[in-house]
Structure formats: structure tokens, C-alpha cells
Amino acid sequence: GCGRIAEYGGSSGINAEYGASEPDENGEKRAPLYIRSCKLVTEACIQNLSSPVPRARILLLQAVCTGLHVLHSHEDELLPLVHKTWWHLEKRLLRDTDHTVKLEALRIFSKLAKLSGSFIKQRVTNDVLPYLLSSLKPDAVVKISNARRLPDISRPVSFEELRRITIKHNEKTKSEILMQTGSVEFKVQTRLLKTLAVLTSYLKFHDRELYRIIDASYKFIHKDMPQELQRHGLYLFRALAGVNPDLMWIVLHSLGGIRIPVRTWRADLFKSPSHETEGYRQTCNECLYGLKS
């Protein structure tokens, strides 16, 4: 399969039969044999992704992921295959009833972002991102006591509006963990955060998409979130900061109730009640550490 083919493509001692380009009937160069073989295997796997057996779908998705990786150095072969893969992969993500299959599909979307970048940006923005954001369920993981939602930031907002973003948290009442850390649902939430971080880093979303991602994911960096989800939430926020550090600098100060460390600005710009932003202060400080000059 593709795993065996990858050995031909990655070996430094590869012989001409498998690794060298060779002319076709018209004298034009064509891809090496291992690339052409890998493409055929991957296409066959793609055509069978609708198998009624969940385990078979998982194995086929893994084979597709390996095949795409092998083809990454031959863009002329890779991009048409990405186009063929898209519909089948999107169907597995949006319609498959098995959560483990969804996890594997998410892994391939991350791989596609790394390999093809802007080639899939519009499709991800229009078709995949809305599903990913609607699937994030921070309130199903932890019930945060007396939390108030962020105001609507689906549009660009002014500095004065951003400074009012606060999340109320009553430290006298402990938040309640609702989702078991070993459950498939928990793994899906973790994979969603990881996938969003990779997509953000490689596709460089516009501000409109960044606002939507922040609004859907900020609760994952609350101090009462399970440590693993909190870690991946921070990973996502750092990816967002890599795309628009100025926006995230303001949002993190607002969310954590942290004063802006600039003398020329008013000292009370982010002043808030003592416990209002306590649940986010530590994690926001961790993110801000990497943004300090």
C-alpha cells in the first residue's frame, strides 16, 4: 500500500526504476513510478470511503492521509487528488455517525492545510469552518458558574467595545465537570481545537473568521477546564496570535481583565470588579507572554 510506496519515495538509495522520472509516449517527463502507483492506490481508497464498516472507513482514511503525504513533493499530482478527495472527506466529517471516523477525517483536514495551503482556503472557510465551530461544546465539558457570554464580535469592533469584554466568574462556587476525559466526545473536542489551530496557522484566516473562532473557543482557556482541553485551547489562541497579534493582544487583556502596560493610556482602561475575569487571567497571561516585545 501507500506505506510501502513511501519507502521508495523516501529512500536515498532509490533506483531509477522507482524513483526517477521517465518520458511518456510523447517524450514528456512523467512522475516516478512510486508516485503514479501511490496515486492509484489513494484514488482507490477514496472511492471506497463510503464503506458500511466503520473500521474499514478509518483504515481507508489513514491510507489516504499517507498517500497525500507521499505526493506532497509532486504538486501536479497532489492538487487534483485533493480536489477528488474533498467531497468524500467532507461527507465523512459532516455526515458520518461514527465519532472515531470523524476524528480521522479531522486529522486529514489538518494534513491538507499543511500540504495544499491556500488551495483549500475558500472551501474550508465556507464549508468546514462553520461545522467545526458549531461542534465546539465548551458548556458540555464544564459548567462555568455565573459565566456571561462575550458580546457579539462577528464584525470588526472598536477598541472601546473590546475593552468591555469581561466574563463574570464567582470564585466561591466551583465549576462542574460534565464530560469524562476518556470519552470519545472529549477526544472530539480536543481534535477540533487542534484542527482549528492548524487551519488557522496554515490558511491565515481573515479577521471575520478569527472573531468567530475566538467567540466559539474562548471558554476552553478557562481555569476550570480539564488540563488537556485548556492546553489545546491555549495552542489555538497562540495560533490566532500568530495570524493577528494586535487583535489577540487586545482580546487577551480584555478577557483576562489585565491592565494595558502603557503609561500614556488611562490606568483604569480595563478596570473591572475583582472576581469578574479571575477564571481567565492566568491563561491569558500565558498567551500574552509570547506577545511581549
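Everything here concerns the structure above.
Note that the structure is predicted; figures quoted are calculated from it, not measured. (Residues numbered from 1 in each chain as written. Predicted model: local features only at pLDDT ≥ 70, side-chain atom pairs only at ≥ 80, totals over all residues. Heavy atoms only, no water.)

Draft legend 1. View of helix α6 (residues 99–116). Its 18 residues place the ends of α6 26 Å apart at the C-alpha level, agreeing with the 26 Å of an ideal helix rising 1.5 Å per residue. Taken together, the buried positions of α6 are occupied by V101, K102, L103, E104, A105, L106, I108, F109, S110, L112, A113 and S116. The secondary structure elements touched by the buried residues of α6 are α4 (54–70), α5 (75–95), α7 (121–135) and α10 (184–203). At the N-terminal boundary of α6, the capping side chain belongs to D98, with an oxygen 2.8 Å from the backbone nitrogen of T100. Backbone geometry just downstream of α6 places G117 in the positive-phi region, at approximately 50 degrees. (Helix = DSSP H or I, 4+ residues; strand = E, 2+ residues; numbered from the N terminus. Expected span 1.5 Å × (residues − 1). Buried < 20%, exposed > 50% of the residue type's maximum accessible area, 1.4 Å probe, protein only. Contact = heavy atoms within 4.5 Å. Polar contact = N/O pair within 3.5 Å; in protein donor to acceptor, adjacent residues only side chain to side chain.)

Draft legend 2. Just the packing of aromatic side chains, in detail. For the coordinates displayed, the defined rule picks out two aromatic pairs. Centroid distance W86 to F109: 5.2 Å. Interplanar angle 80 degrees. Geometry classified as edge-to-face. With W86 in helix α5 and F109 in helix α6, this pair connects stretches of sequence that are 23 residues apart. Each member of the pair, W86 as well as F109, is classed as buried. Measuring from centroid to centroid gives 6.1 Å for Y218 and Y280, while their planes differ by 40 degrees, and the two rings are tilted. Taken together, the residues Y218 in the loop between α11 (207–217) and α12 (227–243) and Y280 in helix α14 (residues 278–289) connect sequence positions 62 residues apart. The exposure classification of Y218 matches that of Y280, with both residues buried. (Phe/Tyr/Trp six-rings, centres within 6.5 Å; stacked < 30°, edge-to-face > 60°.)

Draft legend 3. How the structure looks around the nonpolar core. Judged by nonpolar contacts, the single largest core of 74 residues is most densely connected at L112 and F237. Setting aside residues no more than four positions away along its own chain, F237 makes contact with I214, S217, Y218, I221, M248, L252, L255 and C287. (Core = buried A, V, L, I, M, F, W, Y, C linked by side-chain atoms within 4.5 Å.)

Draft legend 4. Molecular detail of the packing of α4 against α6. Two elements in contact, α4 and α6, have axes whose closest approach is 9 Å; the angle formed by their N-to-C orientations is 10 degrees. With respect to each other, α4 and α6 are oriented roughly parallel. Contacts from P54, R57, I58, L61, Q62, V64, C65, L68 and H69 in α4 reach T100, V101, E104, A105, R107, I108, K111, L112 and L115 in α6. Of the residues contributing to the contact of α4 with α6, the split by class is 11 nonpolar, three polar and four charged. (Axes fitted to C-alpha atoms, helices over the stretch in contact; angles between N-to-C directions. Parallel < 35°, antiparallel > 145°, perpendicular 65-115°, else oblique. Nonpolar A, V, L, I, M, F, W, Y, C, P; charged D, E, K, R; others polar.)

Draft legend 5. Inspection of unusual backbone geometry at higher detail. Residue K204 is not a glycine yet carries a positive backbone phi of 50 degrees. Among the structural elements, K204 can be located in the loop between α10 and α11.

Draft legend 6. Highlighting the pattern of salt bridges. Scanning the entire structure with this criterion turns up eight salt bridges. Note that D96 and R57 form a salt bridge whose closest N and O atoms lie 2.8 Å from each other. One end of the pair, D96, is in the loop between α5 and α6; the other, R57, is in helix α4, and 39 residues separate them in sequence. Between E104 and R107 there is a salt bridge whose closest N-O contact spans 2.5 Å. Of the two residues, E104 and R107 are both situated in helix α6; the distance of three residues between them amounts to about one turn of the helix. (Salt bridge = Lys/Arg side-chain N within 4 Å of Asp/Glu carboxyl O.)

Purely spatial values, then, with no claim about function.
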